[in-house]
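Breakdown of the fold
Given next are the chains, with one letter for each unit.
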Amino acid sequence: MPTYPDLHGKVALITGAGRAKGLGEAMARRLAAEGCRVVITDIGRSRGPEMPVTAVGTDEEMSKVAGSIRADGGECSAMALDVLEEDQVRAVVAATVERYGSLDILVNNAGIGYLMKPILEMTLAEWDAVLGVNLRGAFIATKYAAEQMVRQGRGGRIVNIASQAAKSGFPFASAYCSSKHGLVGLTRVTAIELGRHGITCNAICPNHVTTGLGAWQNEYFSKALGMTMEQYLAAMKGRIPLGRAGLPEDTASACAWLCSAQAQYVTGESMNVSGGEEYH
Ligand SMILES: NC(=O)c1ccc[n+]([C@@H]2O[C@H](COP(=O)([O-])OP(=O)(O)OC[C@H]3O[C@@H](n4cnc5c(N)ncnc54)[C@H](O)[C@@H]3O)[C@@H](O)[C@H]2O)c1
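Overview of the structure.

Cut-offs used in this document
- In this convention, every chain numbers its residues from 1, walking through the sequence in written order.
- Two thresholds apply to this predicted model, a pLDDT of at least 70 for residue-level local features and 80 or more for giving and counting side-chain atom pairs, whereas whole-chain, interface and lining totals are computed over all residues.
- Hydrogens and waters are ignored; side-chain quantities use all the structure's heavy atoms.
- Think of a salt bridge as a Lys or Arg side-chain nitrogen and an Asp or Glu carboxyl oxygen that are within 4 Å of each other.
- Think of it in three bands: residues with accessible area under 20% of the maximum for their type are buried, residues over 50% are exposed, and the middle band is partly exposed, with areas taken using a 1.4 Å probe on protein chains only.
- Cavities and pockets were defined on a 1 Å grid built over protein atoms only: a cavity is a set of grid points that admits a 1.4 Å probe from which the probe cannot escape, a pocket is an open set flanked by protein on both sides within 12 Å along at least five of seven lines, and lining residues are those with an atom within 4 Å of any such point.
- Grid points are joined across faces, edges and corners, and a volume is the space filled by probe spheres set on the points.
- Under the DSSP-based scheme used, a helix requires at least four consecutive residues in state H or I and a strand at least two consecutive residues in state E, with every element numbered from the N terminus.
- For this scheme, ten residues count as nonpolar: Ala, Val, Leu, Ile, Met, Phe, Trp, Tyr, Cys and Pro. Four count as charged, namely Asp, Glu, Lys and Arg, and the remainder, Gly too, count as polar.
- In this analysis an axis means a line fitted to C-alpha atoms, helices contributing only their contacting stretch, and an angle means the value between N-to-C directions, from 0 to 180 degrees.
- Should the near helix be turned counterclockwise from the far one by less than a right angle, the crossing is left-handed, whereas a clockwise turn marks it as right-handed.
- Working rule for contacts: check all heavy atoms of both residues, and any pair within 4.5 Å makes them a contact.
- If a single non-hydrogen atom of a residue is within 4 Å of a molecule or strand, that residue counts as near it.
- In protein, a polar contact means a hydrogen-donor-capable atom and an acceptor-capable atom, both N or O and within 3.5 Å, with residues adjacent in sequence counting only if both atoms are side-chain atoms; elsewhere, any N or O pair within 3.5 Å suffices.
- Method for areas: the Shrake-Rupley scheme with a 1.4 Å probe, in which residue coverage is limited to the protein chains shown.
- We treat two strands as partners when DSSP finds at least two bridges between them.

Comments concerning the pattern of salt bridges
Per the stated rule, a full pass over the model turns up 12 salt bridges. A salt bridge links Glu34 to Arg30; its shortest N-O distance comes to 3.0 Å. Note that Lys117 and Glu126 form a salt bridge whose closest N and O atoms lie 2.6 Å from each other. Among the residues examined, Lys117 registers a relative accessible area of 29% and is labelled partly exposed. For Glu126, a relative accessible area of 11% gives the class buried. What you see here is one network of salt bridges that share partners, running through Glu25, Arg29 and Asp72.

Focus: the layout of surface pockets
Of the voids in this model, the second largest pocket is the one considered here, and its volume is about 170 Å³. If you go around the second largest pocket, the residues you meet are Lys21, Gly22, Glu25, Ala26, Arg29, Arg30, Ala33, Pro248, Glu249, Ala252 and Ser253. Every element with two or more residues in the lining of the second largest pocket is listed here: helix H1 (23–33) and helix H8 (248–259). For the lining of the second largest pocket, the element with the most residues is H1, which contributes 5 residues. In terms of residue class, the lining of the second largest pocket is built from 4 nonpolar, 2 polar and 5 charged.

Things to note about the packing of helix H3 (residues 86–100) against helix H4 (residues 124–152)
Helices that pack against each other are described as a pair by the angle of their axes relative to one another and the distance between those axes. Running from amino to carboxyl end, H3 crosses H4 at an angle of 35°, the nearest separation of the two axes being 9 Å. Considering the relative orientation of H3 and H4, their crossing is right-handed. For the pair H3 and H4, contact is made by Glu86, Val89, Arg90, Val93 and Val97 and by Ile140, Ala141, Lys143, Tyr144, Ala145 and Gln148, respectively. Considered class by class, the residues forming the contact of H3 with H4 number 7 nonpolar, 1 polar and 3 charged.

Some thoughts on the site of the ligand
In the region of the ligand, 28 residues are neighbours, and Arg19, Asp42, Tyr176, Val209 and Thr211 sit closest. In the environment of the ligand, an oxygen atom lies 2.6 Å from a nitrogen or oxygen atom belonging to the side chain of Tyr176. Residue Lys180 places a side-chain N or O atom 2.9 Å away from an oxygen atom belonging to the ligand. Protein chains bury 98% of the 820 Å² of accessible surface belonging to the ligand in isolation. Grouping the constituent residues of the shell around the ligand by class yields 15 nonpolar, 9 polar and 4 charged.

A closer look at the environment of Gly243
In this structure, Gly243 sits in the loop between helix H7 (229–239) and H8. Gly243 gets classed as partly exposed once you look at its relative accessible area, which sits at 30%. Sequence separation of Gly243 and Gly276 is 33 residues, and the distance between their C-alpha atoms is 9.3 Å.

Examining the sheet that holds strand E3 (residues 75–80)
Taking strand neighbours across the sheet as the criterion, the 7 strands line up as E3-E2-E1-E4-E5-E6-E7 in an open arrangement whose pairing is parallel. Strands with a single pairing partner mark the edges of an open sheet, and in this sheet they are E3 and strand E7 (270–273). On average, adjacent strands in this sheet sit at an angle of 20° to one another, irrespective of strand direction. In this structure, strand E4 (residues 105–108) lies alongside strand E5 (residues 156–161), joined through 4 bridges in parallel fashion. In the sheet register, Ile105 faces E5, and the bridge partner there is Arg157. Along the sheet, helix H2 (residues 59–71) makes contact with strand E2 (37–42) and E3, crossing E3 at roughly 170°.

Okay, here's the thing in structure tokens:
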């Protein structure tokens, strides 16, 4: 039973959504359950040494995700998209409109969160890889999706998946935190510039979620902080007023609400979805 009937028939494009159990999959599943026609996209292959193949949503994994959403009764297509390639972004926006007739929702979800190192060890190539996908990629997708929404003349929704790391600093995460703080800035400017077209732009700032990326972060941070995994996870839980780490569905709920008419007067926000762990 859909929660937001106004979402029925809306066309949503989500970046970086090809990895099973990721936030992108959860948002795609939820928007499809609300009646949206959803295009999930992902890079499909490694771009180079900064991107281990284990951290990438492959074409095969993405078609399984799309197939499983269709099996649950949702409308979902999969398209390859590297958010750093302007031509690909333009082509995927055009292909979405060709297939479904419009583009109403963009979710900038693609992200690199596994290049964590102390500043003294971080290379420029690693810094550029993180800033590239997390910030430049979101800018490119915003530009071409917004161009289409403005042309349609009936508003739209842009949701940027930022992070708790958009509000607070974390050790070994100079590039990640900088990119996510930057995404909050992009969110505010997009909201200001596109408001007159009825397009809202908001960011969601989840705390830790054990996705494929989140599992890598648990391993990395527990080792870096000299803790066992059990100690690390218990300490994390202890910091969260609601007593548990985030789930992909928590972000998906926030995303569906922001895309719905219920959130029509909300724009430029960076909304914590963190069980109370992050509160500014
Ligand atoms: N998991 C968490 O704890 C957490 C918390 C806060 C924010 N986030 C953010 O949520 C988003 C999704 O993360 P996730 O945890 O679901 O991990 P994930 O690894 O499942 O998703 C990230 C996706 O981005 C894709 N990607 C990387 N480079 C790309 C490129 N150039 N073009 C297109 N796609 C590309 C990857 O292939 C992958 O599928 C990320 O932006 C992440 O920073 C995650």
